[in-house]
Amino acid sequence: MMDNLSPEIWRLQAAVGLILAYALMCWRMYRKAALAGLPAPRPQPAAALAAVRGKPVWIIHASQTGQAEALARQAARALEKEGVEVIQRRIDQPWLDEVSAARHVLFVVSTYGEGNPPDHAISFARTQLAAGPCAALRGLSYGVLALGDRSYPQFCAFGRQLDQWLQQSGASACFPRIDADRLDALSLKRWQQALQGLGVHTPLLTPPLDAGYTEWRFIRRRCLNSGSPGAPLFKLELQPQAGLPPHWQAGDLIDLTPPGGDGRPRSYSIANLPEDGHLELIVRSVRRADGQPGLASGWLNETAWANDRVSLRIRRNPGFNLECGVDTPLILIGAGSGLAGLRSHLQARARAIADSGQPAPERSAWLIFGERSERHDRPCHSELEAWRRSRVLSRLDLTFSRDDPIRAYVQHALLEEAQAFRQWIAAGAQLLICGSAQGMAQGVEQAMREILGDEGLEQLRAAGRIRRDVY
Ligand SMILES: Cc1cc2nc3c(=O)[nH]c(=O)nc-3n(C[C@H](O)[C@H](O)[C@H](O)COP(=O)(O)OP(=O)(O)OC[C@H]3O[C@@H](n4cnc5c(N)ncnc54)[C@H](O)[C@@H]3O)c2cc1C
Ligand SMILES: Cc1cc2nc3c(=O)[nH]c(=O)nc-3n(C[C@H](O)[C@H](O)[C@H](O)COP(=O)(O)O)c2cc1C
């Protein structure tokens, strides 16, 4: 029996041996491949952190309407969560003297006007970038996230200029400059990857700028310029779908995306304060090149019905907020729909005077406002007159460009009142400019340069005494 079984047992043993040998060979091959290192093991947070610990990461922003600032803040929080020390500065605050101690310096900057830096960065660009290479930056590791919009001819011009200056100064980029076109998703993904390289492993809640949309109701609109030779201007009222309006401060903006459009949000200056219990806008009807109404202004001014839902988000606008009290005189300059942003500041001034229990100071606020025709274009006329009577407005200068063959605009009114303007500036006035960037704001800039000189204007700017909401 044994003799009969033994060949079978022998065959079975041989088969098991073969299987084991094959398994061993497979395991060895697998182990070799794994040790060859592909795919590369994910960098351990501890290893990445060891590289950046000890030396802080600096994050420097230049932002007009707060988007670059929000992204900079978000990056700072993400790095801090991983235990990285972060120092955050606005580009015009002192940083050049200390930055050599940084492991990396990240810049998040937008472009404004026609390829210009944001307002608060203009002096920095004039003094530092224009002076050429900066020795303090030699050997520094940096990265630039440039915000812009490709529909402008000078796409991301300030971010590019800054990048070039950093390179010329002997700093080296730790990732290629990211040029974001209206915060496009791919650029924000690249930014996220760049931060991963510095040790951020939890995904950013991108974009932080999509946050904060809430549901509102369209309540009513009222035309402010019937019979005007210009395009219609409407005052609109919106109310939160539920509860009271959230907080905002004079100078803030809203973003809304018109229904059925291109998905691109439009910004509008808020024309009142939350204490009213609703939100107001002043919107000019815009026509597109093909004669069709603008998507957002057409919807708001022509199509929207009472109780229509509006999804909007309130956005801080640091370049147009104010921190000063009633003792600081205000010079407010604007035209057309620019009245929106100025009106919220006038409301705030009226409230502050009422709360102070004192009469309005001698120089409280001076509004220089331009429209087309005196007969038809007097937006918020009775309200402005009431403020003049109560001395919230110490001066009101209105210019009408179509009433006279010699077209007069706000910049001409300013030049005519140069003496008074100098006196108000000498008394510490803060300037607020709101409305069209090309026609109005450029003209006002030139007029102020004529009145105050290059240096006087730059001093005002550097002191943060010129706040603008121009578009
Ligand atoms: C920070 C900021 C604040 C703003 N605040 C206000 C405000 O308080 N009130 C207000 O009315 N607008 C304001 N705007 C402008 C607003 O965001 C829209 O650009 C404007 O309403 C046109 O959008 P639309 O969808 O109607 O036009 P679209 O469908 O986008 O069509 C725009 C077309 O009109 C042209 N166009 C765009 N804007 C203007 C303009 N302002 N004047 C003339 N032509 C233009 C473009 O070249 C394009 O051909 C603000 C813009 C910014 C960036
Ligand atoms: C009036 C105005 C002018 C602008 N000019 C430019 C420009 O010249 N080049 C550009 O790339 N982007 C331009 N932009 C787009 C902004 O850079 C872009 O919206 C950016 O996201 C704003 O970021 P911020 O909120 O941090 O300032 C302009 C935007 C506005 C409203």
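The preceding data block contains the structure.
As the structure is a prediction and not an experimental result, all values here were calculated from the model.

Caption draft 1: Local environment of the overall build of the chain. Helices and strands together make up the secondary structure of the chain, namely 12 helices and 17 strands. Out of the 471 residues in the chain, the part that is buried amounts to 49%. Put simply, of all contacts in the chain between residues at least 6 apart along the chain, 77% involve residues at least 24 apart. Counting every atom, the chain has about 23600 Å² of accessible surface; 53% of that belongs to carbon and sulfur.

Caption draft 2: Quick peek at the pattern of salt bridges. What the rule picks out here adds up to 32 salt bridges. Of the charged contacts, one joins Arg395 and Glu417 as a salt bridge, the two residues approaching to 3.3 Å between their closest N and O atoms. In this pair, Arg395 sits in strand β15 (residues 395-400) while Glu417 sits in the loop between α10 (410-416) and α11 (418-426), placing the two residues 22 residues apart along the sequence. One network of salt bridges, with partners in common, ties together Arg126, Glu445, Arg449, Asp454, Glu458 and Arg461.

Caption draft 3: Spatial organisation of the sheet that holds strand β14 (residues 365-371). Pairing is parallel across the open sheet formed by 5 strands, whose spatial order is β15-β14-β13-β16-β17. The sheet terminates laterally at β15 and β17 (466-470), the two strands that pair on one side only. The average angle at which neighbouring strand axes cross in this sheet is 10°, direction not considered. When strand β13 (residues 330-335) meets strand β16 (residues 430-435), the two strands line up parallel, connected through 5 bridges. Residue Ile333 lies in a different strand from β16, and its bridge partner there is Ile433. Each of β13, β16 and β17 is contacted by helix α12 (residues 437-462), which is oriented at about 165° to β17, the strand it contacts most.

Caption draft 4: Here's a closer look at unusual backbone geometry. Backbone geometry places Asn307, a non-glycine residue, at a positive phi of 75°. Within the secondary structure layout, Asn307 lies in the loop between α7 (295-303) and β12 (309-315). For Arg391, which is not a glycine, the phi torsion comes out positive at approximately 70°. Position of Arg391 among the secondary structure elements: in the loop between α9 (381-389) and β15. Look at Arg391 and you get partly exposed, because its relative accessible area is 40%.

Caption draft 5: Focus on the site of ligand 1. Not every one of the 20 residues close to ligand 1 is listed here, only the nearest: Ser267, Tyr268, Arg288, Ala296 and Ser297. Arg288 is positioned with one of its side-chain polar atoms (N or O) 2.6 Å from an oxygen atom of ligand 1. In isolation ligand 1 offers 920 Å² of accessible surface; the protein chains occlude 69% of this area. Among the secondary structure elements, those contributing two or more residues to the shell around ligand 1 are β10 (266-269), β11 (279-284) and α7.

Caption draft 6: Examining the packing of α11 against α12 more closely. Where α11 contacts α12, the axes come no closer than 11 Å and their chain directions differ by 15°. Compared by their axis directions, α11 and α12 come out roughly parallel. For the pair α11 and α12, the crossing hand works out as left-handed. Within the contact between the two elements, α11 uses Ala418, Phe421, Arg422 and Ile425 and α12 uses Met448, Ile451, Leu452 and Leu460. Split by residue class, the contact of α11 with α12 holds 7 nonpolar, no polar and 1 charged.

What counts, and at which threshold
- Residues numbered from 1 in each chain as written.
- Chains lettered and ligands numbered in written order.
- Predicted model: local features only at pLDDT ≥ 70, side-chain atom pairs only at ≥ 80, totals over all residues.
- Heavy atoms only, no water.
- Helix = DSSP H or I, 4+ residues; strand = E, 2+ residues; numbered from the N terminus.
- Buried < 20%, exposed > 50% of the residue type's maximum accessible area, 1.4 Å probe, protein only.
- Contact = heavy atoms within 4.5 Å.
- Areas by Shrake-Rupley, 256 points an atom, 1.4 Å probe, with all protein chains shown as cover.
- Salt bridge = Lys/Arg side-chain N within 4 Å of Asp/Glu carboxyl O.
- Pairing = 2+ DSSP bridges.
- Axes fitted to C-alpha atoms, helices over the stretch in contact; angles between N-to-C directions.
- Near = heavy atom within 4 Å.
- Polar contact = N/O pair within 3.5 Å; in protein donor to acceptor, adjacent residues only side chain to side chain.
- Parallel < 35°, antiparallel > 145°, perpendicular 65-115°, else oblique.
- Left-handed = near helix turned anticlockwise from the far one by under 90°.
- Nonpolar A, V, L, I, M, F, W, Y, C, P; charged D, E, K, R; others polar.

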